[in-house]
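Coordinates in review
Okay, here's what each chain looks like letter by letter:
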Amino acid sequence: MTPSGKKIILPLALSCIVMLSAGAQENLLDYRNSLDFARYLRSTRQYSFAMEEYERLNFLWPGDTTIKLELVQSYRLNGQCDRLDHSFSILEDNISRDKSIPAAKEYLAFSLTCKSGSERFFDIAEMLRPGDRSFYELSYFWVSGKHDSAFAYSSQNKELIMANNPGLYRLTSNFENEKYKSPALAVMMSAVIPGSGKAYSDRWGDAIVSFLFIGSNAWAAYRAFDRKGIKSVNGWIFGSLAFSFYSANLWGSAKAAKTYNTDVRKRYQDNAELIIYNSF
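Residues numbered from 1 in each chain as written. Predicted model: local features only at pLDDT ≥ 70, side-chain atom pairs only at ≥ 80, totals over all residues. Heavy atoms only, no water.

On to the overall build of the chain, then. Counting secondary structure elements, the chain contains 15 helices and zero strands. Within the chain, residue pairs in contact and separated by at least 24 positions form 54% of the contacts whose partners lie at least 6 positions apart. For the chain, the exposed area adds up to about 16,600 Å²; of that, 59% sits on carbon and sulfur atoms. (Helix = DSSP H or I, 4+ residues; strand = E, 2+ residues; numbered from the N terminus. Contact = heavy atoms within 4.5 Å. Areas by Shrake-Rupley, 256 points an atom, 1.4 Å probe, with all protein chains shown as cover.)

Dropping the structure here:
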């Protein structure tokens, strides 16, 4: 081959390599491959990277409802509550114009995740079938901490909720009928038998310690006074300790009852949120 022929073939070969590389890159960045890659990032819980990829896709294909829905879902999964309002603007046409149930459910799920008190929540929930609507509306009262409203709503919609979300209904009913500890009763019990108010609040370890400390110091004070009368230094020391522990025991009994009630409410709240967030 002549030198001039080699000079012609080499640039042609380089041009073909560049064109093939560009074509391969274009294929990698086409709609289907890009969407598959975004879904892979989401499925492997790389939500921050998935968000970026979906945002790029939404920029390139702004009218694609699938991309919009999955973009908002990636915001929710990544806990990006600062983008809740932006998410509504992304889904607004799908919800308002197209009456898209998946879009409505995704926005409602995002609102519940962020514990948002958005005024549009119930308007969007109206789009859903009664069974789904009852779940989202009852969930709204739970995550908002409006327990009295949750009790009333659950009672009014018992059949619907029982048919579609029996676990959440039973939890709501049990919470409504839960028996709490009375701080006043706990104080009265400990005033008679030291530590019994804490035992009433399921604080058995504290109850035993209180009983032993107060009882042992009171007995030591009694023995000291019995031997030396009111001039007994040990009697006054042990008596003062017994009185201090006794007073602290009364205060601690009231606190134990209040703590018990707080723990019960938190346990119900945590269980309700576990049911809710595992439902979407």
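The subject of this paragraph is the confidence of the model for the chain. Looking at the chain, the pLDDT average stands at 88 and 90% of residues meet or exceed 70. When the elements of the chain are averaged for pLDDT, helix α1 (residues 3-28) gives the smallest value, 46, and helix α6 (residues 101-113) the largest, 97. In this model residues 10-26 is a low-confidence stretch, pLDDT under 50, and it forms one contact with partners more than four residues away in sequence or in other chains. (pLDDT = per-residue confidence, 0-100.)

In this section: the packing of helix α3 (residues 47-60) against helix α4 (residues 65-77). Where α3 contacts α4, the axes come no closer than 9 Å and their chain directions differ by 155°. Taken together, the axes of α3 and α4 lie roughly antiparallel to each other. The interaxial crossing formed by α3 with α4 has left-handed handedness. Of the residues in α4, those in contact with Tyr47, Met51, Tyr54, Glu55, Leu57 and Asn58 of α3 are Ile67, Lys68, Glu70, Leu71, Ser74, Tyr75 and Leu77. Of the residues assigned to the contact of α3 with α4, the class counts are eight nonpolar, two polar and three charged. (Axes fitted to C-alpha atoms, helices over the stretch in contact; angles between N-to-C directions. Parallel < 35°, antiparallel > 145°, perpendicular 65-115°, else oblique. Left-handed = near helix turned anticlockwise from the far one by under 90°. Nonpolar A, V, L, I, M, F, W, Y, C, P; charged D, E, K, R; others polar.)

Despite not being glycine, Lys99 has its phi angle at roughly 55°, a positive value. Tracing the backbone through its elements, the reader meets Lys99 in the loop between α5 (84-97) and α6. For Lys99, a relative accessible area of 53% translates into the label exposed. With phi around 65°, Asp202 is a residue other than glycine that occupies positive phi space. Locating Asp202 in the fold gives a position in the loop between α13 (196-200) and α14 (204-228). (Buried < 20%, exposed > 50% of the residue type's maximum accessible area, 1.4 Å probe, protein only.)

Once that is clear, we can look at the packing of aromatic side chains. In this structure the tally under the stated criterion is 16 aromatic pairs. Seen in terms of ring centroids, Phe122 and Phe141 are 5.8 Å apart; in terms of plane orientation they differ by 40°. Their pairing is tilted. Within this pair, whereas Phe122 is found in helix α7 (residues 121-125), its partner Phe141 is found in helix α8 (residues 130-143), the two being separated by 19 residues in sequence. Look at Phe122 and you get partly exposed, because its relative accessible area is 27%. The class for Phe141 is buried, based on a relative accessible area of 13%. Ring plane angle 20° and centroid distance 5.5 Å describe the contact between Trp142 and Phe175, whose orientation is recorded as stacked. Residue Trp142 is found in helix α8, and its partner Phe175 is found in helix α11 (residues 166-176); the two are separated by 33 residues along the sequence. (Phe/Tyr/Trp six-rings, centres within 6.5 Å; stacked < 30°, edge-to-face > 60°.)

Moving on: the side chain of Ser74. Looking at the secondary structure, you find Ser74 in helix α4. Polar side-chain contacts of Ser74 include one of 2.5 Å to the backbone oxygen of Leu71. If near-sequence neighbours (up to four positions away) are discounted, Ser74 is found in contact with Tyr47, Met51 and Tyr54. (Polar contact = N/O pair within 3.5 Å; in protein donor to acceptor, adjacent residues only side chain to side chain.)

Attention now goes to the state of the cysteines. Working definition of a disulfide: a covalent bond connecting the sulfur atoms of two cysteines. Applying the stated criterion across every chain yields a total of one disulfide. A sulfur-sulfur separation of 2.2 Å characterises the disulfide bridge that pairs Cys81 with Cys114. On the sign convention where negative means left-handed, the S-S torsion of about -95° between Cys81 and Cys114 marks this disulfide as left-handed. Placement of Cys81 in the loop between α4 and α5 and of Cys114 in the loop between α6 and α7 is noted, with a sequence separation of 33 residues between them. (Disulfide = S-S within 2.5 Å.)

Applying the stated criterion across every chain, the model contains 13 salt bridges. Among the salt bridges present, the one from Glu70 reaches Arg39, with a minimum N-O distance of 2.7 Å. With Glu70 in helix α4 and Arg39 in helix α2 (residues 31-43), the pair connects residues that are 31 residues apart, well separated along the chain. By relative accessible area, which is 11% here, Glu70 ends up buried. Ionic contacts of the salt-bridge type, sharing partners, join the residues Arg39, Arg42 and Glu70 into one network. (Salt bridge = Lys/Arg side-chain N within 4 Å of Asp/Glu carboxyl O.)

Okay, a nonpolar patch on the surface next. On the surface, Val209, Phe213, Val233, Ile237, Phe238, Leu241 and Phe245 cluster together into a nonpolar patch covering about 580 Å² of accessible area. Listed by contribution, the elements that provide at least two residues to the nonpolar patch are α14 and α15 (233-277). Summarising the element assignment, Ile237 is placed in helix α15. (Patch = residues over 30% accessible without salt bridge, like charges linked within 9 Å, V, L, I, M, F, W, Y side chains within 5 Å.)

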